[in-house]
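# Results of the structural survey
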Amino acid sequence: MSQQQYPQQPQPGWGGPQQQGYGTAPFQPQPPKKSKAGKIVGFGCLGVVALFVLIGVVAAAGGGNGDSTDTGAKDKAVAAGRTPESEKAEATPAKKTKTQAEQFKACVAKSGTATEKKAVQHVTKVTGADKRNDILDSAEVYTDFSGGLMSNSQGDAKLIASAFTSCYESKNGLVSVYGQDGDLIANANY
């Protein structure tokens, strides 16, 4: 007996003839890949912002160490309201009641030269001399001089800056001497 073979119909997509509407679709190119540069820049900026937030949190946590050497006027008022009466009289020595300008003038009077003592008489206000962290210390000395860098009183302002460097020490400090009109007259590292 002979077996009769029937013609096989090719299956779609297997190399046989394709019929209209059946089989696989013709080759379609893939859409171009999107650039990931935007994501990279976005996450980079997010990382920088997160770093600043982290530094701020660490600084806030480390900055509140309760240092009793702070001689700021508003801090004294707050601290005075919280201490008992018996401790108030003992906790305020005479030196802490002086302003920063008075403390600076007393230091120069004790260890300064005659010309520095004369120049320091023109000091009206000192700020930033009470808190030092040796990272970026900045102190300002205000005087009753007029004019700026090219004024006649620049020599006295340099003497004041020099006297400040003798009284205060910092690894990375800058003292600026200003006139009564707010113009910078001299500065020095201390």
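Let's shift gears to helix α6 (residues 154-167). In this model α6 runs 20 Å from its N-terminal to its C-terminal C-alpha over 14 residues, within 8% of the 20 Å that 1.5 Å per residue would give. A157, I160, A161, A163, F164 and C167 are the residues of α6 that are buried. In an axial view of α6, the angular spread of the buried residues amounts to 160°, which keeps them on one side of the axis. Close packing links the buried residues of α6 with α4 (100-111), α5 (114-120), β1 (123-127), β2 (137-143), β3 (173-178) and β4 (184-189).

This paragraph deals with the state of the cysteines. Applying the stated rule across the entire model yields one disulfide. Between the sulfur atoms of C107 and its disulfide mate C167 the distance is 2.1 Å. Residues C107 and C167 share a disulfide whose torsion about the S-S bond is about -110°; that sign makes it left-handed. Of this pair, C107 sits in helix α4 while C167 sits in helix α6, and the two are 60 residues apart along the sequence.

Averaged over the chain, the pLDDT score is 76; the fraction of residues at 70 or greater is 68%. Counting contacts from residues 72-84, a segment whose pLDDT is below 50, to residues more than four positions away or on other chains yields eight contacts. The low-confidence segment residues 86-92, where pLDDT is below 50, has two contacts with residues more than four positions distant or belonging to other chains.

Looking at where S153 falls in the secondary structure, it is placed in the loop between β2 and α6. In this view, S153 contacts F145, S146 and I185; residues no more than four positions away in its chain are not counted.

Quick look at α4 now. With twelve residues, α4 extends 17 Å between its outermost C-alpha atoms, agreeing within 8% with the 16 Å of an ideal straight helix rising 1.5 Å per residue. Turning to α4, its buried residues are Q100, A101, Q103, F104 and V108. Angularly, the buried residues of α4 cover 165° about the axis, an arc narrow enough to put them on a single face.

For the rest of this paragraph, the subject is the packing of aromatic side chains. Here the structure, examined in full by the defined rule, presents five aromatic pairs. Three or more aromatic residues joined by ring pairs make a cluster, and in this case those are F104, F164, Y168 and Y190.

A few words now on the nonpolar core. Within the largest apolar cluster, 23 residues are counted, with the highest numbers of intra-cluster contacts made by F104, V123, V126, V141, I160 and F164. Of all the elements, α6 adds the most residues to this core, at six residues. Here V126 is in contact with Q100, A101, F104, E140, V141 and F164, once residues within four sequence places are set aside.

Criteria and cut-off values
Residues numbered from 1 in each chain as written. Predicted model: local features only at pLDDT ≥ 70, side-chain atom pairs only at ≥ 80, totals over all residues. Heavy atoms only, no water. Helix = DSSP H or I, 4+ residues; strand = E, 2+ residues; numbered from the N terminus. Expected span 1.5 Å × (residues − 1). Buried < 20%, exposed > 50% of the residue type's maximum accessible area, 1.4 Å probe, protein only. Arc of directions from axis to C-beta. Contact = heavy atoms within 4.5 Å. Disulfide = S-S within 2.5 Å. pLDDT = per-residue confidence, 0-100. Phe/Tyr/Trp six-rings, centres within 6.5 Å; stacked < 30°, edge-to-face > 60°. Core = buried A, V, L, I, M, F, W, Y, C linked by side-chain atoms within 4.5 Å.

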